[in-house]
Structure formats: C-alpha cells, structure tokens
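Spelled out from the first residue to the last, the chains are:
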Amino acid sequence: MAINPQGHKMTVEEYFQLDSDPSAKYEYIEGYAVVMSGGSVGHARIAKNIVREFDSRLQAGPCQVHTSDVKVLVPAIASYFLPDVIVSCDADDNELDTQAISSPCLIIEVLSPSTEAIDRGYKFQRYQTLPSLQEYILVSSLAEIYDRVPVPAKPELLKELREKYGVHFAT
C-alpha cells in the first residue's frame, strides 16, 4: 500500500473525488488516501465464493452481503476501509445510494502475504470500535484455514441470523 501521490492529508470530500477514478481503489485512513494493490486470482475466487454463499442464504431477509467495492466507515478514526466481504442487516446500509456501510455485523478479509499483518492488527483494532460488528473472519488465500477473531457477542442478532436465515456462527 502507498500513501496518495500528493503525500498530504486530505479531506473526506477530496478522498471521494480521488476515489471516483475507476482506475484505482483507495482506502481513506486517518486523513490519507491509500491505494489498494490488486489481488491474485485465488484471492478473488475465495472472496467471490464467500459472497455467493452468503448471498444465497440472505436473500429472504434484511441482511445484505457486499463486496470490496463497498466502503466501511469507521467513525472513531474517520476512516473508510474496503474489506473483502461485508454483511450488514441495517436498512440504512443497504440503500442503493449509500456511499459506505456504517453498521456491518460481519467483516471478512481474505489474507495475502502483503496484507495479513495489517488485517490482523491495525484494521482489526479499528473494526472493534464498530458497535454493530459481531464477527471478524480472516481467510487464508494460501492454505485451507481461517481464523475467527472474537468480537463481543450481541446474542439477539446472532439468533436472528441463525433462525431466520440459516447463518451459523461459533459464538
């Protein structure tokens, strides 16, 4: 990842203007635009399969699955991240004109050697400030393993996901 070409802090408005260029994807981290590197075919396939599985299970309810084209707002640090997979059950998050998800209940990151430390450390610490977050799952793109990182449970939401939509979590 690299800091924006200008190398200076920018406003959220400047970030959204920069991010409107389809030739690159950016995260906005504490005032700096950070360009995202492209992923591997394996990375993309894993994320696509996860999205497809959640999408098939969540069609009947208020929860929606989103890809890395959708930003997650972390208000505590005024930052926008692009996780690989996001699930939100908040009606405001799922409006078609929404620029960013603010109440995700699930975030999944597909790990790569260049992002693993950031996903496990920096991003996880920031995601924990989101009151809606129930689960943070890290999936290896190099081996058949994943890590579920505990986030304080909100039993009523987990029960609804399990009973109404067939989505089961270990918590």
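Residues numbered from 1 in each chain as written. Predicted model: local features only at pLDDT ≥ 70, side-chain atom pairs only at ≥ 80, totals over all residues. Heavy atoms only, no water.

Draft legend 1. Summary view of the pairing of strand E7 (residues 85-88). Taking every second residue as pointing to the same face, both faces of E7 are buried, with Val85 and Val87 on one and Ile86 and Ser88 on the other. Alignment of strand E4 (residues 64-67) against E7, held across four bridges, turns out to be antiparallel. Opposite Thr67, over in E7, you have Val85 as the bridge partner. Sheet topology note: the E7/strand E9 (residues 104-111) ladder contains four bridges and is antiparallel. (Buried < 20%, exposed > 50% of the residue type's maximum accessible area, 1.4 Å probe, protein only. Helix = DSSP H or I, 4+ residues; strand = E, 2+ residues; numbered from the N terminus. Pairing = 2+ DSSP bridges.)

Draft legend 2. A look at the environment of Ala78. If you trace the backbone, Ala78 turns up in the loop between strand E5 (71-74) and strand E6 (79-81). Taking C-alpha positions, Ala78 is 7.7 Å from Gly31, a pair spaced 47 residues apart along the chain. Ignoring any residue separated from it by four or fewer positions in sequence, one finds Ala78 in contact with Tyr28 and Glu30. (Contact = heavy atoms within 4.5 Å.)

Draft legend 3. Molecular detail of the confidence of the model for the chain. Of the residues in the chain, 80% reach a pLDDT of 70 or more, and the chain-wide mean stands at 84. Note on residues 1-5: pLDDT under 50 across the span, and 14 contacts to partners over four residues away in sequence or across chains. (pLDDT = per-residue confidence, 0-100.)

Draft legend 4. Highlighting the packing of aromatic side chains. Within the structure shown, the criterion is met by nine aromatic pairs. Cluster of aromatic residues (ring-pair linked, three or more members): Phe81, Tyr122, Phe124, Tyr127 and Tyr136. (Phe/Tyr/Trp six-rings, centres within 6.5 Å; stacked < 30°, edge-to-face > 60°.)

Draft legend 5. Main features of the pattern of salt bridges. Using the criterion set out here, one finds eight salt bridges in the structure. A salt bridge links Glu30 to Arg126; the nearest nitrogen and oxygen atoms lie 3.8 Å apart. Separated by 96 residues along the polypeptide, Glu30 in the loop between strand E2 (26-29) and strand E3 (32-35) and Arg126 in helix H3 (residues 116-127) bring together distant segments of the chain. Across the pair Arg57 and Glu53 runs a salt bridge whose closest N-O atoms are separated by 2.8 Å. (Salt bridge = Lys/Arg side-chain N within 4 Å of Asp/Glu carboxyl O.)

Draft legend 6. Looking closely at helix H1 (residues 12-19). Here H1 has its buried residues at Tyr15, Phe16 and Asp19. Seen along its axis, H1 keeps its buried residues to an arc of 95°; they face one direction. In H1, the exposed positions that point more than 90 degrees away from the buried face belong to Glu13 and Gln17. (Arc of directions from axis to C-beta.)

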